Amino acid sequence: TREQDAITLNAALFARVKAVYDARDTLALGEQEARLLTLTYDDFVLAGADLDPETKAKVAAINAEISSLTTEFGQNLLDATKAFRIEVTDEAALAGLSDSFKGALKTDGEDKWTLGLARSVYETFMTQSENRELRQRMFDGYRLRASEGEGDNGPVAIKIAQLRAERARLLGYESHAHYFLKDNMAKTPQATEEILLRVWRPGLARA
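Not measured: the values here are computed from a predicted model. (Residues numbered from 1 in each chain as written. Predicted model: local features only at pLDDT ≥ 70, side-chain atom pairs only at ≥ 80, totals over all residues. Heavy atoms only, no water.)

Colleague: Would you mind going over a nonpolar patch on the surface with me for this structure?
Modeller: Taken together, the side chains of Val 20, Leu 27 and Leu 29 present a nonpolar region at the surface, about 210 Å² in accessible area. Mapping Leu 27 onto the fold places it in the loop between α2 (11–22) and α3 (31–47). On the basis of relative accessibility, which here comes to 38%, the residue Leu 27 falls in the partly exposed class. (Patch = residues over 30% accessible without salt bridge, like charges linked within 9 Å, V, L, I, M, F, W, Y side chains within 5 Å. Areas by Shrake-Rupley, 256 points an atom, 1.4 Å probe, with all protein chains shown as cover. Salt bridge = Lys/Arg side-chain N within 4 Å of Asp/Glu carboxyl O. Helix = DSSP H or I, 4+ residues; strand = E, 2+ residues; numbered from the N terminus. Buried < 20%, exposed > 50% of the residue type's maximum accessible area, 1.4 Å probe, protein only.)

Rendered as structure tokens:
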């Protein structure tokens, strides 16, 4: 983030990009060249390059804090994923699992199988298992990762959301969603929700 800000918030560099962008109609650019120039200019503006120095400094500070918090969030999630385990001693509880998958879960030399939240284990187990109670425990373990104790990501997520909202405000957007979606296909939060609901409604009906 710091390295990216050093580029996009560099006043001299942005002045050169803007000079080329402002003269784009006189440069006889091809379609792809014109598109690249527009995207480059928009990326700089979206990052805050066109702001006054004081506001740019605030945006850079927010970016640095978000980067730090995002790393903390990811580490908490990783630690919680590694820490979760269910030891099964009754093979009947593993009904539905393939022999090869059970073999991968089994502790060498013991009649014990260990379930964890590594993606390959979790998804395979949830797909194959016929044990509803055990699936519920795995599902709860997965969705509640890093939700309590020293590694609770709740406060971290709130702080990230607050910082994103403040950054969006500094950049002139109504919300982080409006800022994030500016260069995406849907363009606005409302359009995004409409697209999601078009998938959600038939999906829910089928389920």
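Colleague: Would you mind going over the side chain of Asp 5 with me for this structure?
Modeller: In this structure, Asp 5 sits in helix α1 (residues 2–8). In this structure Asp 5 is buried but unpaired, with Arg 167 as the nearest side chain of opposite charge at 7.3 Å. If sequence neighbours within four positions are ignored, Asp 5 has contacts with Asn 10, Ala 60 and Asn 63. (Lys, Arg positive; Asp, Glu negative; His and termini not counted. Contact = heavy atoms within 4.5 Å.)

Colleague: What is the right way to read the side chain of Ser 129 from this model?
Modeller: Its place among the elements puts Ser 129 in the loop between α6 (119–128) and α7 (132–143). Of note is the side chain of Ser 129, whose polar atom sits 3.0 Å from the backbone nitrogen of Asn 131. (Polar contact = N/O pair within 3.5 Å; in protein donor to acceptor, adjacent residues only side chain to side chain.)

Colleague: Which parts of the structure should I look at to understand unusual backbone geometry?
Modeller: Excluding glycine, most residues fall at negative phi; most peptide bonds, likewise, are trans. A positive phi angle is found at Ala 28, which is not glycine, with a value near 55 degrees. The phi dihedral of Lys 187 falls on the positive side, at around 75 degrees, and the residue is not glycine. Inspection of the secondary structure assignment puts Lys 187 in the loop between α9 (176–181) and α10 (189–206). On the basis of relative accessible area, Lys 187 is assigned to the partly exposed category, the value being 46%.

Colleague: So what exactly am I meant to see when it comes to the layout of surface pockets here?
Modeller: Over the atoms rolls a probe the size of a water molecule, and in doing so it shows where empty space is left. The calculated volume of the largest pocket comes to roughly 310 Å³. Asp 5, Ala 47, Asn 63, Arg 167 and Tyr 179 are, among the 14 residues lining the largest pocket, the residues nearest its centre. Of all the elements in the fold, those that place two or more residues in the lining of the largest pocket are α1, α3 and α4 (53–83). Broken down by element, the lining of the largest pocket gets its largest block of residues, four residues, from α4. In this structure, the second largest pocket encloses a volume near 230 Å³. For the lining of the second largest pocket, the per-class residue count stands at five nonpolar, four polar and two charged. (1 Å grid on protein atoms, 1.4 Å probe; cavity = no way out; pocket = protein on both sides within 12 Å on 5 of 7 lines; lining within 4 Å. Points joined across faces, edges and corners; volume = space filled by probe spheres on them. Nonpolar A, V, L, I, M, F, W, Y, C, P; charged D, E, K, R; others polar.)

Colleague: I keep staring at helix α8 (residues 154–170) and nothing clicks. Help me out?
Modeller: Counting along an α-helix, one turn takes 3.6 residues, and residues three or four places apart therefore face a common direction. Here α8 contains 17 residues, and its C-alpha end-to-end distance of 25 Å stays within 8% of the 24 Å for a straight helix at 1.5 Å per residue. Within α8, the full set of buried residues consists of Val 156, Ile 160, Leu 163, Arg 167, Ala 168 and Leu 170. Looking straight down α8, one finds that the buried residues subtend no more than 155 degrees of arc, so they occupy a single side. Facing away from the buried surface of α8 by more than 90 degrees, the exposed residues are Pro 155, Ile 158 and Arg 169. Residues of α8 that are buried in the fold lie against α4 and α9. Downstream of α8 by one or two residues, Gly 172 has phi in the positive range, about 90 degrees. (Expected span 1.5 Å × (residues − 1). Arc of directions from axis to C-beta.)

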